[in-house]
Amino acid sequence: MDTGLVIHTVLGLLLLLIPAGALYLLERQMLKSFGLAVGRMMVQLLAVCLMVWGLIRVDSAWLSGAWLLAMSALSAFWVQRRCKSVPLVTVAAGLFLGVIVVGLWLLGAVFPVRAFAARWFVPVTALLLGHATMMMVRGLNTYVTALKADKEQYEFLRGNGHTHLKALLPFLRRSLLAVISPTMANLSALGLFTMPLLLGGILLGGMTPINAFFIMLCMIVGSVAASILSLGITIFFYDWWTSRATKAEGGKS
(Lines give C-alpha, C1' and ligand atoms only; values in the text may rest on other atoms or scores of the structure.)
Protein backbone atom coordinates (compact mmCIF):
# COMPACT_ATOMS: atom_id res chain seq x y z
CA MET A 1 0.00 0.00 0.00
CA ASP A 2 1.19 3.50 -0.82
CA THR A 3 2.69 5.15 2.29
CA GLY A 4 1.30 8.53 1.22
CA LEU A 5 -2.20 7.08 1.06
CA VAL A 6 -1.88 5.73 4.60
CA ILE A 7 -0.69 9.09 5.90
CA HIS A 8 -3.51 11.00 4.20
CA THR A 9 -6.07 8.44 5.44
CA VAL A 10 -4.86 8.93 9.01
CA LEU A 11 -5.04 12.69 8.56
CA GLY A 12 -8.60 12.37 7.32
CA LEU A 13 -9.60 10.14 10.24
CA LEU A 14 -8.27 12.75 12.65
CA LEU A 15 -11.47 14.68 11.89
CA LEU A 16 -13.23 12.10 14.06
CA LEU A 17 -11.66 13.88 17.02
CA ILE A 18 -14.25 16.65 16.58
CA PRO A 19 -17.39 14.53 17.22
CA ALA A 20 -15.50 12.30 19.67
CA GLY A 21 -14.33 15.35 21.63
CA ALA A 22 -17.86 16.76 21.72
CA LEU A 23 -19.18 13.45 23.04
CA TYR A 24 -16.39 13.25 25.62
CA LEU A 25 -17.31 16.67 26.97
CA LEU A 26 -21.09 16.35 26.81
CA GLU A 27 -22.13 12.67 26.66
CA ARG A 28 -19.32 10.25 27.47
CA GLN A 29 -21.64 7.24 27.60
CA MET A 30 -22.12 7.54 23.84
CA LEU A 31 -18.40 7.31 23.06
CA LYS A 32 -18.31 3.51 22.92
CA SER A 33 -21.40 3.33 20.70
CA PHE A 34 -19.95 6.01 18.44
CA GLY A 35 -16.67 4.12 18.10
CA LEU A 36 -18.45 0.86 17.31
CA ALA A 37 -20.66 2.59 14.72
CA VAL A 38 -17.64 4.16 13.01
CA GLY A 39 -15.76 0.86 13.02
CA ARG A 40 -18.76 -1.00 11.58
CA MET A 41 -19.16 1.66 8.90
CA MET A 42 -15.50 1.36 7.89
CA VAL A 43 -15.71 -2.43 7.60
CA GLN A 44 -18.93 -2.25 5.59
CA LEU A 45 -17.51 0.43 3.31
CA LEU A 46 -14.36 -1.59 2.68
CA ALA A 47 -16.38 -4.72 1.95
CA VAL A 48 -18.64 -2.86 -0.50
CA CYS A 49 -15.64 -1.26 -2.25
CA LEU A 50 -13.94 -4.63 -2.67
CA MET A 51 -17.17 -6.25 -3.87
CA VAL A 52 -17.88 -3.55 -6.45
CA TRP A 53 -14.24 -3.60 -7.58
CA GLY A 54 -14.48 -7.37 -8.07
CA LEU A 55 -17.76 -7.09 -9.99
CA ILE A 56 -16.31 -4.49 -12.35
CA ARG A 57 -13.11 -6.50 -12.86
CA VAL A 58 -14.95 -9.74 -13.66
CA ASP A 59 -17.69 -7.93 -15.64
CA SER A 60 -20.07 -10.90 -15.73
CA ALA A 61 -23.78 -10.40 -16.40
CA TRP A 62 -24.65 -13.45 -14.29
CA LEU A 63 -22.52 -12.26 -11.40
CA SER A 64 -24.02 -8.76 -11.56
CA GLY A 65 -27.51 -10.27 -11.55
CA ALA A 66 -26.64 -12.45 -8.56
CA TRP A 67 -25.29 -9.37 -6.77
CA LEU A 68 -28.56 -7.51 -7.34
CA LEU A 69 -30.53 -10.52 -6.10
CA ALA A 70 -28.42 -10.71 -2.94
CA MET A 71 -28.74 -6.97 -2.31
CA SER A 72 -32.50 -7.19 -2.85
CA ALA A 73 -32.68 -9.92 -0.20
CA LEU A 74 -30.64 -7.83 2.24
CA SER A 75 -32.81 -4.78 1.58
CA ALA A 76 -35.94 -6.91 2.00
CA PHE A 77 -34.64 -8.11 5.37
CA TRP A 78 -34.25 -4.47 6.43
CA VAL A 79 -37.79 -3.66 5.25
CA GLN A 80 -39.26 -6.80 6.82
CA ARG A 81 -37.88 -5.83 10.24
CA ARG A 82 -40.17 -2.78 10.03
CA CYS A 83 -43.11 -4.59 8.40
CA LYS A 84 -43.02 -7.87 10.30
CA SER A 85 -46.30 -9.23 8.94
CA VAL A 86 -45.04 -9.17 5.35
CA PRO A 87 -43.09 -12.26 4.20
CA LEU A 88 -39.46 -11.63 3.34
CA VAL A 89 -39.69 -13.33 -0.04
CA THR A 90 -42.50 -11.06 -1.26
CA VAL A 91 -40.51 -7.91 -0.45
CA ALA A 92 -37.33 -9.31 -2.02
CA ALA A 93 -39.20 -10.29 -5.18
CA GLY A 94 -40.87 -6.88 -5.43
CA LEU A 95 -37.61 -4.99 -4.99
CA PHE A 96 -35.67 -7.19 -7.40
CA LEU A 97 -38.29 -7.13 -10.16
CA GLY A 98 -39.04 -3.42 -9.84
CA VAL A 99 -35.37 -2.44 -9.90
CA ILE A 100 -34.35 -4.85 -12.67
CA VAL A 101 -37.18 -3.70 -14.96
CA VAL A 102 -36.47 0.01 -14.53
CA GLY A 103 -32.71 -0.54 -14.47
CA LEU A 104 -32.66 -2.51 -17.72
CA TRP A 105 -34.93 0.07 -19.34
CA LEU A 106 -32.47 2.82 -18.41
CA LEU A 107 -29.37 0.83 -19.33
CA GLY A 108 -30.75 -0.84 -22.44
CA ALA A 109 -32.98 1.82 -23.98
CA VAL A 110 -32.15 5.21 -22.46
CA PHE A 111 -28.40 5.23 -21.86
CA PRO A 112 -26.11 4.42 -24.80
CA VAL A 113 -24.25 1.68 -22.88
CA ARG A 114 -24.08 -2.10 -22.68
CA ALA A 115 -26.92 -3.04 -20.33
CA PHE A 116 -25.06 -5.61 -18.23
CA ALA A 117 -21.69 -3.86 -18.17
CA ALA A 118 -20.84 -3.99 -14.46
CA ARG A 119 -19.41 -0.46 -14.38
CA TRP A 120 -22.90 0.80 -15.27
CA PHE A 121 -25.20 -1.95 -14.01
CA VAL A 122 -23.94 -1.93 -10.42
CA PRO A 123 -24.15 1.82 -9.61
CA VAL A 124 -27.43 2.34 -11.49
CA THR A 125 -29.26 -0.58 -9.86
CA ALA A 126 -27.74 0.22 -6.46
CA LEU A 127 -29.13 3.76 -6.60
CA LEU A 128 -32.55 2.53 -7.71
CA LEU A 129 -32.59 -0.14 -5.02
CA GLY A 130 -31.64 2.30 -2.29
CA HIS A 131 -34.47 4.69 -3.11
CA ALA A 132 -37.00 1.87 -3.64
CA THR A 133 -36.10 0.35 -0.26
CA MET A 134 -36.64 3.59 1.63
CA MET A 135 -40.00 4.19 -0.06
CA MET A 136 -41.03 0.55 0.40
CA VAL A 137 -41.04 0.96 4.18
CA ARG A 138 -43.43 3.91 3.96
CA GLY A 139 -45.78 2.45 1.37
CA LEU A 140 -45.92 -1.10 2.70
CA ASN A 141 -46.40 -0.03 6.30
CA THR A 142 -49.24 2.27 5.28
CA TYR A 143 -50.95 -0.44 3.22
CA VAL A 144 -50.73 -3.19 5.85
CA THR A 145 -51.71 -0.91 8.72
CA ALA A 146 -54.69 0.57 6.86
CA LEU A 147 -55.90 -2.85 5.73
CA LYS A 148 -55.79 -4.21 9.28
CA ALA A 149 -57.34 -1.12 10.87
CA ASP A 150 -60.18 -0.73 8.32
CA LYS A 151 -60.90 -4.33 7.44
CA GLU A 152 -64.60 -3.61 7.91
CA GLN A 153 -64.42 -1.14 5.01
CA TYR A 154 -63.01 -3.86 2.76
CA GLU A 155 -65.70 -6.32 3.87
CA PHE A 156 -68.39 -3.67 3.32
CA LEU A 157 -67.22 -3.00 -0.23
CA ARG A 158 -67.02 -6.71 -1.00
CA GLY A 159 -70.50 -7.21 0.43
CA ASN A 160 -71.85 -4.50 -1.87
CA GLY A 161 -70.67 -6.29 -4.98
CA HIS A 162 -67.25 -4.75 -5.52
CA THR A 163 -64.49 -6.93 -6.89
CA HIS A 164 -61.46 -7.75 -4.76
CA LEU A 165 -59.36 -5.17 -6.61
CA LYS A 166 -61.95 -2.40 -6.30
CA ALA A 167 -62.34 -3.12 -2.59
CA LEU A 168 -58.57 -2.70 -2.18
CA LEU A 169 -58.42 0.62 -4.06
CA PRO A 170 -58.79 2.85 -0.95
CA PHE A 171 -55.87 1.08 0.70
CA LEU A 172 -53.78 1.14 -2.47
CA ARG A 173 -54.46 4.87 -2.74
CA ARG A 174 -53.17 5.47 0.78
CA SER A 175 -50.07 3.41 0.10
CA LEU A 176 -49.38 5.30 -3.13
CA LEU A 177 -49.76 8.66 -1.40
CA ALA A 178 -47.40 7.53 1.35
CA VAL A 179 -44.72 7.09 -1.32
CA ILE A 180 -45.56 9.91 -3.71
CA SER A 181 -46.05 12.68 -1.14
CA PRO A 182 -42.57 12.51 0.46
CA THR A 183 -41.03 11.90 -2.96
CA MET A 184 -42.59 15.09 -4.34
CA ALA A 185 -41.53 17.01 -1.24
CA ASN A 186 -37.96 15.71 -1.48
CA LEU A 187 -37.40 16.00 -5.23
CA SER A 188 -35.68 19.37 -4.85
CA ALA A 189 -33.51 18.08 -2.03
CA LEU A 190 -32.72 14.98 -4.08
CA GLY A 191 -31.57 17.11 -6.98
CA LEU A 192 -29.65 19.62 -4.88
CA PHE A 193 -28.01 17.55 -2.17
CA THR A 194 -28.13 13.79 -2.81
CA MET A 195 -27.59 13.38 -6.54
CA PRO A 196 -24.66 15.84 -6.77
CA LEU A 197 -22.52 13.17 -5.10
CA LEU A 198 -23.10 10.93 -8.10
CA LEU A 199 -22.93 13.92 -10.42
CA GLY A 200 -19.44 14.74 -9.15
CA GLY A 201 -18.31 11.20 -9.91
CA ILE A 202 -19.76 11.37 -13.42
CA LEU A 203 -18.02 14.69 -14.13
CA LEU A 204 -14.74 13.36 -12.72
CA GLY A 205 -15.15 10.40 -15.06
CA GLY A 206 -14.82 12.75 -18.02
CA MET A 207 -18.44 13.30 -19.11
CA THR A 208 -19.63 16.65 -20.39
CA PRO A 209 -22.04 18.65 -18.17
CA ILE A 210 -24.95 18.14 -20.59
CA ASN A 211 -24.46 14.36 -20.62
CA ALA A 212 -24.15 14.36 -16.83
CA PHE A 213 -27.41 16.35 -16.58
CA PHE A 214 -29.14 13.83 -18.87
CA ILE A 215 -27.98 10.87 -16.79
CA MET A 216 -28.91 12.48 -13.48
CA LEU A 217 -32.38 13.48 -14.74
CA CYS A 218 -33.08 9.95 -15.94
CA MET A 219 -31.79 8.48 -12.69
CA ILE A 220 -34.10 10.68 -10.58
CA VAL A 221 -37.10 9.73 -12.73
CA GLY A 222 -36.01 6.09 -12.65
CA SER A 223 -35.74 6.13 -8.86
CA VAL A 224 -39.33 7.30 -8.52
CA ALA A 225 -40.54 4.76 -11.09
CA ALA A 226 -38.65 1.88 -9.45
CA SER A 227 -40.11 2.78 -6.05
CA ILE A 228 -43.71 2.73 -7.31
CA LEU A 229 -43.22 -0.43 -9.39
CA SER A 230 -41.48 -2.30 -6.56
CA LEU A 231 -44.23 -1.34 -4.13
CA GLY A 232 -46.95 -2.44 -6.55
CA ILE A 233 -45.32 -5.82 -7.21
CA THR A 234 -44.74 -6.39 -3.49
CA ILE A 235 -48.37 -5.61 -2.63
CA PHE A 236 -49.52 -7.96 -5.42
CA PHE A 237 -47.41 -10.80 -4.02
CA TYR A 238 -48.47 -9.99 -0.45
CA ASP A 239 -52.14 -10.03 -1.44
CA TRP A 240 -51.65 -13.36 -3.20
CA TRP A 241 -49.87 -14.78 -0.14
CA THR A 242 -52.56 -13.62 2.31
CA SER A 243 -55.32 -14.97 0.03
CA ARG A 244 -53.67 -18.38 -0.04
CA ALA A 245 -53.16 -18.34 3.73
CA THR A 246 -56.83 -17.43 4.28
CA LYS A 247 -58.02 -20.22 1.96
CA ALA A 248 -55.73 -22.72 3.70
CA GLU A 249 -57.13 -21.75 7.12
CA GLY A 250 -60.68 -22.01 5.77
CA GLY A 251 -59.96 -25.46 4.37
CA LYS A 252 -58.64 -26.70 7.73
CA SER A 253 -61.68 -25.44 9.59
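Everything below is about the structure shown above.
Rules used throughout
- Residues numbered from 1 in each chain as written.
- Predicted model: local features only at pLDDT ≥ 70, side-chain atom pairs only at ≥ 80, totals over all residues.
- Heavy atoms only, no water.
- Helix = DSSP H or I, 4+ residues; strand = E, 2+ residues; numbered from the N terminus.
- Buried < 20%, exposed > 50% of the residue type's maximum accessible area, 1.4 Å probe, protein only.
- Contact = heavy atoms within 4.5 Å.
- Areas by Shrake-Rupley, 256 points an atom, 1.4 Å probe, with all protein chains shown as cover.
- Axes fitted to C-alpha atoms, helices over the stretch in contact; angles between N-to-C directions.
- Parallel < 35°, antiparallel > 145°, perpendicular 65-115°, else oblique.
- Left-handed = near helix turned anticlockwise from the far one by under 90°.
- Nonpolar A, V, L, I, M, F, W, Y, C, P; charged D, E, K, R; others polar.
- Core = buried A, V, L, I, M, F, W, Y, C linked by side-chain atoms within 4.5 Å.
- Phe/Tyr/Trp six-rings, centres within 6.5 Å; stacked < 30°, edge-to-face > 60°.
- Expected span 1.5 Å × (residues − 1).
- Bend = angle between axes of the 7 residues up to and from the residue.
- Patch = residues over 30% accessible without salt bridge, like charges linked within 9 Å, V, L, I, M, F, W, Y side chains within 5 Å.
- Salt bridge = Lys/Arg side-chain N within 4 Å of Asp/Glu carboxyl O.

## A look at the overall build of the protein
Across its full length, the protein holds nine helices and zero strands. Along the protein, helices (α) and strands (β) appear in the sequence α-α-α-α-α-α-α-α-α when read from the amino end. Counting only residues that meet the buried cut, the protein has 32% of its 253 residues in that class. The long-range share in the protein, meaning contacts at least 24 apart out of those at least 6 apart in sequence, stands at 71%. For the protein, the accessible area works out to roughly 15700 Å², and carbon and sulfur atoms hold 72% of it.

## Quick notes on the packing of helix α4 (residues 61-80) against helix α5 (residues 88-110)
In a packed pair of helices, the relevant descriptors are the angle between the two axes and the axis-to-axis distance. Taken N-terminus to C-terminus, the directions of α4 and α5 make an angle of 135 degrees; their axes are 8 Å apart at the nearest point. For the element pair α4 / α5, the angle class is oblique. Between α4 and α5 the crossing geometry is right-handed. On α5, the residues that touch G65, L68, L69, S72, A73, S75, A76, F77, V79 and Q80 of α4 are L88, V91, A92, L95, F96, V99 and I100. Broken down by class, the residue content of the contact of α4 with α5 amounts to 13 nonpolar, four polar and no charged.

## A look at the nonpolar core
Ranked by internal contacts, the top residues of the largest apolar core, which has 43 residues, are V91, L106, F111, V124, L128, L140 and Y143. For this core, the leading source of residues is helix α6 (residues 118-149), giving 16 residues.

## What about the environment of V101?
Along the chain, the position of V101 falls in helix α5. By relative accessible area, V101 is classed as partly exposed at 47%. Note: C-alpha distance between V101 and A226 (125 residues apart in sequence) is 8.0 Å.

## A short note on the packing of aromatic side chains
Counted under the stated rule, the structure contains six aromatic pairs. Relative to W120, the ring of F111 has its centre 6.1 Å away and its plane inclined at 45 degrees; by these criteria the two rings are tilted. For W120, a relative accessible area of 17% gives the class buried. Aromatic side chains Y143 and Y238 sit 6.3 Å apart centroid to centroid with 85 degrees between the ring planes, which places their arrangement in the edge-to-face category.

## A short note on α6
End to end, α6 covers 45 Å across 32 residues, agreeing with the expected 46 Å (1.5 Å per residue, within 8%). Within α6, the axis deviates most sharply at M136, by approximately 30 degrees.

## Here we look at a nonpolar patch on the surface
Together, V6, I7, V10, L11, L14 and L17 make up an exposed nonpolar region whose accessible area comes to about 540 Å². Take the nonpolar patch: its biggest share by element is four residues, from helix α1 (residues 3-13). One can find L14 in the loop between α1 and α2 (17-26).

## What to know about the environment of A92
Structurally, A92 is set in helix α5. For A92, a relative accessible area of 16% translates into the label buried. Taking the C-alpha atoms as reference points, A92 and A73, 19 residues apart in sequence, are found 5.0 Å from one another.

## Some points on the side chain of S64
In this structure, S64 sits in helix α4. Looking at S64, the relative accessible area reads 0%, which means it is buried. Setting aside its immediate chain neighbours within four residues, S64 contacts L55, F116, A118 and F121.

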